[in-house]
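# Commentary on secondary and tertiary structure
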Amino acid sequence: MGSTVLYLGPTGTYTHQAAHNLFGDDVVYTQKSTIRDVFESLSPGQIGVVPKENSTFGAVVEMYDCLRDTSRPYFVRGVTALSIQHCLLVRKGTRLEDIDCIMSHEQALGQCSGYIRQHFPNATTKKTRSTAAAAQELLHSPRAAAICSKLCATLVEDTVILEEGVQDIKDNYTRFFIITTSECTAIPPIPSAEQTIALLRLTGPISKCLAALELDITSIDRRPSLTGSPFQDTYFLEVFLPDAKMARHQIDNALERVRNTGAEIDLVGLWTSV
Ligand SMILES: O=C(O)C(=O)Cc1ccccc1
């Protein structure tokens, strides 16, 4: 039996599909009902898969709030991407004109907000813990629709797809992080190319820190730090390291330069990816 992979469940979520694309049938899958549950349940030796960002709706805030937490160990080991084509799913017999509530994960509601406004201006929306959880709720909601993957129609009894491709932007992708509790946990190889990326978590005066970092920053996300003064933020920086062999050395030097400014900075991920 292979490693255990925790993912945002239940069966049929996009995270489940991303995890399965990577690890196939060689691992044991354990579903968790929230992104935070994946982080909190992750034990040494286990692997977690969580959504990170979407090309239409942006950062997955709950995931970044888990990365902000310094009380639990985690390390990002890789990234994988999935093309996302959302469906509108209902209980058999429900017609488009019956729908008074649209349920889904807030990411999916965001990716389809134009479609929802245009076609269901009077419907309420309900956030669920995942898209597949919304599909399951249809069993108790005869006048609701779920936005979820096509797969959910085969997984949840008595449901039918009314429309496919309901996201606002046709080319719609989500990236997922692969996490373990430690940098050293053995994991199956993740398909990768030449690019080496590090993820840094930084709390401190941003301009001074960026000047001291002297690395090629490819993305920045930010959340309130919660520990400092009001409006002090924690930043998540992805940096590109052109030479994989020198990556660790370059990072260690950069961390020291930033710490010398008095800021807090930690390496929380390192991987090679396409
Ligand atoms: O809820 C899911 O299925 C997830 O995996 C999170 C998500 C939601 C919408 C798009 C991509 C991922």
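Rules behind the numbers
- Residues numbered from 1 in each chain as written.
- Predicted model: local features only at pLDDT ≥ 70, side-chain atom pairs only at ≥ 80, totals over all residues.
- Helix = DSSP H or I, 4+ residues; strand = E, 2+ residues; numbered from the N terminus.
- Rg over C-alpha atoms; globule rule 2.2 N^0.38 Å.
- Buried ≥ 20, exposed ≤ 12 C-beta atoms within 10 Å, placed from the backbone.
- Contact = placed C-beta atoms within 7 Å.
- Near = placed C-beta within 6 Å.
- Nonpolar A, V, L, I, M, F, W, Y, C, P; charged D, E, K, R; others polar.
- Domains from an automatic or database assignment.
- Arc of directions from axis to C-beta.
- UniProt positions renumbered as here; feature names shortened; annotations may be inferred.
- Pairing = 2+ DSSP bridges.
- Axes fitted to C-alpha atoms, helices over the stretch in contact; angles between N-to-C directions.

## Digging into the overall build of the chain
In terms of regular secondary structure, the chain is built from nine helices and 15 strands. Taken over C-alpha atoms, the radius of gyration comes to 20 Å for the chain, in line with the 19 Å a tight globule of 274 residues would show. For the chain, the C-alpha atoms occupy an extent of roughly 65 × 45 × 30 Å along the three principal directions. Here the chain holds 274 residues, and 40% of them are scored as buried. Residue pairs at least 24 apart in sequence account for 76% of intrachain contacts in the chain once pairs closer than 6 positions are excluded.

## A word on the site of the ligand
If you check the shell around the ligand, you find 14 residues, and the closest are Thr13, Tyr14, Thr15, Ser130 and Thr131. Tallied by class, residues from the shell around the ligand come to six nonpolar, eight polar and no charged. Both domains that meet at the shell around the ligand, namely domain 1 (1–83 + 172–186) and domain 2 (87–164), each give it at least three residues.

## Overview of the environment of Arg72
Mapped onto the elements, Arg72 comes out in the loop between α3 (61–68) and β5 (75–83). Using a count of 10 C-beta atoms within 10 Å as the deciding quantity, one classes Arg72 as exposed. With 37 residues separating them along the chain, Arg72 and Leu109 place their C-alpha atoms 30 Å apart. Look past the residues within four positions of Arg72 in its chain and what remains in contact with it is Phe39 and Glu40.

## A few points about α3
Inspection of α3 places Met63, Cys66 and Leu67 among the buried residues, and these make up the whole buried set. Angularly, the buried residues of α3 cover 100° about the axis, an arc narrow enough to put them on a single face.

## Considerations on the domain arrangement of the chain
Once the domains are mapped, the chain shows domain 1 (1–83 + 172–186), domain 2 (87–164) and domain 3 (192–274). Relative placement of domain 1 and domain 3: their C-alpha centres are 21 Å apart. Across the boundary between the two partners, domain 1 contributes 10 residues, which contact 10 residues of domain 3. Every element with two or more residues in the side of domain 1 that touches domain 3 is listed here: α3 and β5. No other element matches β5, which puts five residues into the side of domain 1 that touches domain 3. Taken together, the residues that form the side of domain 1 that touches domain 3 break down as six nonpolar, one polar and three charged.

## Structural notes on the environment of Ile84
Among the structural elements, Ile84 can be located in the loop between β5 and β6 (87–91). Judged by local crowding, Ile84 falls into the buried class, with 22 C-beta atoms found within 10 Å. Along the backbone, Ile84 and Asn172 are 88 residues apart, and their C-alpha atoms lie at a distance of 5.4 Å. Excluding anything up to four places from it in sequence, Ile84 contacts Tyr14, Gln167, Asn172, Tyr173 and Thr174.

## Section: the UniProt feature "domain: Prephenate dehydratase" (unreviewed entry) in the chain
Taking the numbering used here, the UniProt-annotated feature "domain: Prephenate dehydratase" (unreviewed entry) corresponds to residues 4–181. This span, residues 4–181, is 28% helix and 34% strand, and a straight line between its end C-alpha atoms measures 13 Å.

## Digging into the sheet that holds strand β8 (residues 124–127)
An order of β8-β7-β9-β6-β10 is seen for the five strands of this open sheet, with the pairing classed as mixed. Single-partner strands in this sheet number two, and they are β8 and β10 (159–164). Averaged over all pairs of adjacent strands, the angle between strand axes in this sheet comes to 30°, irrespective of strand direction. Alignment of strand β7 (residues 101–104) against strand β9 (residues 144–148), held across three bridges, turns out to be parallel. Bridging from a neighbouring strand, Cys101 pairs with Ala144 of β9.

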